Amino acid sequence: MSVSVGTITAYLELRDRMTQQLERAALQLGKFGTQTKHVGEQMRVVGERMSAAGATMSMVVTAPIVAATVASVKFATAFEANMVRVVTIAGATETQMESFTQQILDLAPAVGIGPGELSRALIKVPLTALSAAQAIDILTVAAKATALGMGDAADIGKLLTSIVTSYGAENITAARAADIMYNTILQGNVEVNELAGVLGRVVGIASQLGVSFEEVGTFVATFTRLGVDAAESMTALRGIMNAVMKGNKQMQDALAEVGMTIDGLRKSIKEKGLTQAMLELVDAFKGNEDAMARVFGNVRALAGIMGTAGAQASTMGNIFTHVAKDTGTFEVAFTRMGDTAQFAFRRMLAAGEAAAVAWGNQLLPIIKQMQPHVESLFKWLIDLAKTWGEQSKGAKLFQIVLLAVTAAAGPMLFFLGSFVKIAGFAIEGLGALGMMLGKAGVITANFGGSIAATTRLVAASSIAVTGFTAALAGIVVPLTLFKLIELFRQLKGWFNDAKGWKIDVLQENAVHARAMAEASKIAGREITNLAEAHKILGQR
């Protein structure tokens, strides 16, 4: 095959023009890749920031604030209701209630009992019979007893009130009564939480008969050593005291047989104490249970007498000494309890509840002011529900969407940020590929000796890259950005039906995305055309 000089010249000129065109196409493709990569990086950064902001708002800020506010209002409303009962039931004045509120908030962390339980206990303390100072004293002792596991603060407060009012505040204090109760538990065989619930059954009649509270504790401690529970011991003691108070003829006749009278027995109880009087009574009858049965006439009362002054005559006096004379044992026990980790934890909980009540008390006036407005809002919602069926479909849809978007603002921001971040990675990778292709094109254009083979390679690569670019631009972007755009288009349509809203920004983004995809396709076609032309020239 002969080749003329003109043919060679034309071939070389054509090769030079194609080289220039390839260089320009490669430069444009590289520029497109750089810009696309930059857009992807920006989208990735924005997505990361949106995700972080959504997660922070939903989990770190919103949830704790809502939880703390709800807890404060809950504790404060319950506390306020109890303090109102202190006025309406216990008989406190408004001024006393304000003072009690602060005292209870200060007391709660010290005793490890929350303000709610303390305020319920204060309801059981009748302020018509006690001073404010005595009431707080009783409440403090009751709370400490509860911390020791001796029972519910309200029950113990009620019992201490009964003891102080029955025997007189000038004769016994709440702290002294607590000492006697605790000594009874130590000397007897009584469950810690069992005693407070039954002592109140005998305090009133004991004080009338002249039986001291120390004597009551001694009888319980002594009798329970035989395995009798606190409730049964109270029944026996009550039967003994009822028999002495009534003093029927049968009892008087039985006492007369041993040279005793009912008045003398009553006097002995008041002057010498119940313990000594029972010891003398048993000694007078010399253990004759039949004769003793005629004195009391009650089987349980008789069992109480014989189980204490009879079977335990030698130890009952010693028990009385410990119950009546040991002082400060209750406070020592509470101090020891205060050193435990369990009590430290309870104090923290009580302090937290006190803080919640303090903050809630500041919020309650605001809530009360909001109450008429909230009621109006709910009334409006009721009216809205009645007219809901009369509204248009567009209005209904708008309200539902608006409510859903508002409720899901935080999660939507988080997931939208994740989506944008993923899209940013994809577009960033597309840009990097474009830059690599641009560099490959420049290198290919500079190879003069093997332009035909290299151009074929560029053509084949261009076709593959064009297909890949079209896939990314026509599949990844539409399936991601366009789906999101389509969603917002639908929202736009709903909003336009209800309020005539417009979403111009989304439309502009859609135009830019389509232009980006079209530019990628055009660049690929140009490279393919140039490669094909060079291929034909090489065949010639």
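These numbers were taken from a predicted model, which means no experiment stands behind them.

Engineer: Any chance you could explain the overall build of the protein here in plain terms?
Structural biologist: Check the secondary structure of the protein and you find 21 helices and 0 strands. With 540 residues in all, the protein has 39% of them scored as buried. Relative to all contacts within the protein whose residues are 6 or more apart in sequence, the contacts with residues 24 or more apart total 75%. With an accessible surface of roughly 28,700 Å², the protein has 61% of that area assigned to carbon and sulfur atoms.

Engineer: Which parts of the structure should I look at to understand a nonpolar patch on the surface?
Structural biologist: Nonpolar side chains collect at one region of the surface, where Ile366, Met370, Val374, Leu377, Phe378, Trp380 and Leu381 lie side by side and expose about 660 Å² of accessible area between them. Turning to its location among the elements, Leu381 is positioned in helix H17 (residues 341-386). With relative accessibility at 37%, the residue Leu381 sits in the partly exposed group.

Engineer: Teacher, can you tell me more about the pattern of salt bridges here?
Structural biologist: Should their charged atoms come close, side chains of opposite charge can pair. Summed over the entire model, instances satisfying the criterion amount to 7 salt bridges. The partner of Glu214 in a salt bridge is Arg176, and the shortest N-O contact between them spans 3.5 Å. With Glu214 in helix H8 (residues 213-224) and Arg176 in helix H6 (residues 174-187), the pair connects residues that are 38 residues apart, well separated along the chain. Classification of Glu214 by relative accessible area gives buried; the value is 19%. Among the residues examined, Arg176 registers a relative accessible area of 18% and is labelled buried.

Engineer: Could you clarify how one ought to interpret the environment of Gly204 in this entry?
Structural biologist: Along the chain, Gly204 turns up in helix H7 (residues 196-209). The spacing of Gly204 and Thr165 is 39 residues in sequence and 9.2 Å in space, taken between C-alpha atoms.

Engineer: Please clarify how the packing of aromatic side chains should be interpreted in this entry.
Structural biologist: Geometrically, a pair of aromatic rings is defined through the distance of the ring centres and the angle of the planes. Within the structure shown, the criterion is met by 3 aromatic pairs. When the ring of Phe219 is compared with that of Phe223, the centres are 5.8 Å apart and the planes differ by 55°; the resulting orientation is tilted. You can see Phe219 and its partner Phe223 sitting in helix H8, 4 residues apart, about one turn around the helix. Of the two residues, Phe219 and Phe223, both sit in the buried class. Residues Phe334 and Phe343 carry aromatic rings whose centres are separated by 5.5 Å and whose planes lie at 85° to one another, so their mutual orientation is edge-to-face. Side by side, Phe334 and Phe343 carry an identical accessibility label, which is buried.

Engineer: Sorry, what's going on with the packing of helix H5 (residues 153-167) against H6 here?
Structural biologist: Packed helix pairs are characterised by how far apart their axes lie and by the angle those axes make with each other. At a minimum axis separation of 10 Å, H5 and H6 run at an interaxial angle of 110°. If you check the angle between H5 and H6, you find them roughly perpendicular. The interaxial crossing formed by H5 with H6 has right-handed handedness. Of H6, the residues touching H5 (which contributes Leu159, Leu160, Ile163 and Val164) are Ala174, Ala177, Ala178 and Met181.

Engineer: Would you mind showing me how to read the confidence of the model for the protein here?
Structural biologist: Should the pLDDT be low somewhere, the predicted coordinates at that spot are not to be read in detail. For the protein, the average pLDDT comes to 78, and 67% of its residues sit at 70 or higher. Of the regions scoring below 50 in pLDDT, residues 442-481 engages in 47 contacts with residues more than four places distant in sequence or in other chains. Note that pLDDT drops below 50 for residues 498-506; the model gives that stretch 14 contacts with residues more than four away or on any other chain.

Engineer: Where do I start with H8 in this structure?
Structural biologist: Quick reminder: α-helices carry 3.6 residues per turn. Residues three or four places apart thus point the same way. The end-to-end C-alpha separation of H8 is 17 Å, in line with the 16 Å expected for 12 residues at 1.5 Å each. Among the 12 residues of H8, 12 are classified as buried, and the element is accordingly described as predominantly covered.

Engineer: What is the right way to read helix H9 (residues 230-246) from this model?
Structural biologist: The terminal C-alpha atoms of H9 lie 24 Å apart, and with 17 residues this matches the ideal 24 Å at 1.5 Å per residue to within 8%. For H9, every residue scored as buried is listed here: Ala230, Ser233, Met234, Ala236, Leu237, Gly239, Ile240, Met241, Ala243 and Val244. Two or three places before Ala231, at the start of H9, stands the capping residue Asp229, its side-chain oxygen 3.3 Å from that residue's backbone nitrogen. Where H9 terminates, the next one or two residues include Gly247, which has phi positive at roughly 55°.

Engineer: Got a minute to help me understand the nonpolar core in this structure?
Structural biologist: As a rule of thumb, nonpolar side chains are buried together in soluble globular proteins. The biggest cluster of nonpolar side chains holds 105 residues, and the ones touching the most others in it are Phe213 and Phe296. Examining the composition of this core, we find that 9 residues originate from one element, helix H4 (residues 132-147), more than from any other. Not counting the four nearest positions on each side in its chain, Phe213 is found in contact with Ile163, Tyr167, Ile172, Ala177, Ile180, Met181, Leu199 and Val203.

Engineer: I keep staring at the environment of Ala110 and nothing clicks. Help me out?
Structural biologist: Along the chain, the position of Ala110 falls in helix H2 (residues 94-111). Sequence spacing of Ala110 and Ala143 is 33 residues, and the spatial spacing of their C-alpha atoms is 9.6 Å.

Engineer: How do you make sense of the environment of Ala175 when you look at a structure like this?
Structural biologist: Tracing the sequence through the fold places Ala175 in helix H6. On the accessibility criterion, Ala175 (35% relative accessible area) is partly exposed. Sequence separation of Ala175 and Val141 is 34 residues, and the distance between their C-alpha atoms is 6.3 Å.

Conventions adopted
Residues numbered from 1 in each chain as written. Predicted model: local features only at pLDDT ≥ 70, side-chain atom pairs only at ≥ 80, totals over all residues. Heavy atoms only, no water. Helix = DSSP H or I, 4+ residues; strand = E, 2+ residues; numbered from the N terminus. Buried < 20%, exposed > 50% of the residue type's maximum accessible area, 1.4 Å probe, protein only. Contact = heavy atoms within 4.5 Å. Areas by Shrake-Rupley, 256 points an atom, 1.4 Å probe, with all protein chains shown as cover. Patch = residues over 30% accessible without salt bridge, like charges linked within 9 Å, V, L, I, M, F, W, Y side chains within 5 Å. Salt bridge = Lys/Arg side-chain N within 4 Å of Asp/Glu carboxyl O. Phe/Tyr/Trp six-rings, centres within 6.5 Å; stacked < 30°, edge-to-face > 60°. Axes fitted to C-alpha atoms, helices over the stretch in contact; angles between N-to-C directions. Parallel < 35°, antiparallel > 145°, perpendicular 65-115°, else oblique. Left-handed = near helix turned anticlockwise from the far one by under 90°. pLDDT = per-residue confidence, 0-100. Expected span 1.5 Å × (residues − 1). Polar contact = N/O pair within 3.5 Å; in protein donor to acceptor, adjacent residues only side chain to side chain. Core = buried A, V, L, I, M, F, W, Y, C linked by side-chain atoms within 4.5 Å.

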